[in-house]
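Observations on chain architecture
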Amino acid sequence: GIGDLDGPGVEFEASWTPADNWLIGGVLSYSGLEFKNSACSPVPLDYGVPAEQTDPYRCASVGGKKPPMFSDFTTALNITYSYDVGESLDGYARLDHQYRSKRYTEQINTDYIDAFHTVNFRTGIGRDSWSVELFVNNLLDDDTPSGAVRFFDGRQPGMVFGTSYQHRRPRLVGINLTYNY
């Protein structure tokens, strides 16, 4: 879109230690960005929206619409438990949760990516110079697209528009071995 953005935004971050060995942290953010009333989309016809301005290009008002790929709400929550393993080893387990509300893929706000939740888990042991960690990324195997790109193909007769979605990585289980020297 062509034009300025305006809107409120706020972010809260907190951490808490409810008991020995436990740490809980999180972030909540809100962004109410919208295009100002003077903003316009230079390619409105792909959405079936009538042009309001034709000089110097076709333009449809996007005032009050959300910018592409911005979520109103995002959150991150993590819970970590740390413990001693024997006399010289440290252990931990950590669970992370991320949320992102729906995001529009274009200025007219007709196509969007659904909200998603992602959960990751890590547990490991180690000491001064080495560690071994088991991890599971995307624990719940969420397949909501992680992103999208709106495109125009001028090689086709007429106006051909589409959306290319970036697929989220499927559940991944692995081991990290670390040695610092």
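Residues numbered from 1 in each chain as written. Predicted model: local features only at pLDDT ≥ 70, side-chain atom pairs only at ≥ 80, totals over all residues. Heavy atoms only, no water.

Attention now goes to the overall build of the protein. On a plain count of helices and strands, the protein comes out with 0 helices and 15 strands. Here the protein, with 181 residues, has 28% of them falling under the buried criterion. Of the contacts made within the protein by residues no fewer than 6 positions apart, 57% connect residues no fewer than 24 positions apart. Total accessible area on the protein is roughly 11500 Å²; 53% of this is exposed by carbon and sulfur atoms. (Helix = DSSP H or I, 4+ residues; strand = E, 2+ residues; numbered from the N terminus. Buried < 20%, exposed > 50% of the residue type's maximum accessible area, 1.4 Å probe, protein only. Contact = heavy atoms within 4.5 Å. Areas by Shrake-Rupley, 256 points an atom, 1.4 Å probe, with all protein chains shown as cover.)

Here we have 7 strands laid out as an open sheet, ordered β2-β3-β7-β8-β11-β12-β15, and antiparallel in their pairing. With partners counted over all chains shown, the strands left at the sheet margins are β2 (9-16) and β15 (172-179), one partner each. This sheet shows a mean twist of 10 degrees between the axes of neighbouring strands, independent of strand direction. With 7 bridges connecting them, strand β11 (residues 116-127) and strand β12 (residues 130-137) associate as antiparallel partners. (Pairing = 2+ DSSP bridges. Axes fitted to C-alpha atoms, helices over the stretch in contact; angles between N-to-C directions.)

A word on the pairing of β2. Counted residue by residue, β2 has 0 buried out of 8 residues, so it is predominantly exposed. Where β2 lies against strand β3 (residues 22-31), 8 bridges are found, and the strand directions are antiparallel. Residue Gly-9 lies in a different strand from β3, and its bridge partner there is Ser-31. Here β2 folds back onto β3, and the loop between the two strands holds 5 residues, one of which, Asn-21, carries a positive phi near 75 degrees.

Let's shift gears to unusual backbone geometry. You will see that Asn-21, though not glycine, has its phi angle at about 75 degrees, which is positive. Looking at the element boundaries, Asn-21 is found in the loop between β2 and β3. Owing to a relative accessible area of 43%, Asn-21 belongs among the partly exposed residues under this scheme. With a phi angle near 55 degrees, Asn-138 is a residue other than glycine that sits in the positive phi range.

Relative to the helices and strands, Asp-96 is located in strand β8 (residues 89-100). At a separation of 2.9 Å, a polar atom in the side chain of Asp-96 contacts the side chain of Arg-94. Non-local contacts of Asp-96, meaning those with residues more than four positions away in its chain, are made with Leu-77, Asn-78, Thr-118, Val-119 and Asn-120. (Polar contact = N/O pair within 3.5 Å; in protein donor to acceptor, adjacent residues only side chain to side chain.)

With that out of the way, let us pick up the pairing of β8. As defined by bridge partners, strand β7 (residues 73-85) adjoins β8 across 12 bridges and the pair is classed as antiparallel. Note on β8: the bridge partner recorded for Asp-84 is Asp-90. Connecting β7 to the antiparallel partner β8 that follows it, the hairpin turn spans 3 residues, and Gly-86 within it adopts a positive phi of roughly 70 degrees. Here β8 runs beside β11; their pairing, made up of 11 bridges, is antiparallel. Bridging across to β11, Tyr-99 finds its partner in His-117.

A surface patch of nonpolar side chains, amounting to about 500 Å² of accessible area, comprises Trp-22, Leu-77, Ile-79, Leu-95, Leu-139 and Leu-140. Given the relative accessible area of 58%, Leu-140 is considered exposed. (Patch = residues over 30% accessible without salt bridge, like charges linked within 9 Å, V, L, I, M, F, W, Y side chains within 5 Å. Salt bridge = Lys/Arg side-chain N within 4 Å of Asp/Glu carboxyl O.)

Turning our attention to the side chain of Thr-105. Take Thr-105: it is sitting in the loop between β9 (103-104) and β10 (112-113). In this structure, Thr-105 is in contact with Pro-68, Met-69, Asp-111, Tyr-112, Ile-113, Ala-148, Arg-150 and Thr-163, ignoring residues within four places of it in sequence.

A few words now on the environment of Thr-17. Structurally, Thr-17 can be placed in the loop between β2 and β3. A relative accessible area of 52% places Thr-17 in the exposed class. Sequence spacing of Thr-17 and Thr-80 is 63 residues, and the spatial spacing of their C-alpha atoms is 9.7 Å. When sequence neighbours within four positions are dropped, the list of residues in contact with Thr-17 reads Trp-22 and Leu-23.

Purely geometric numbers; function is a separate question.
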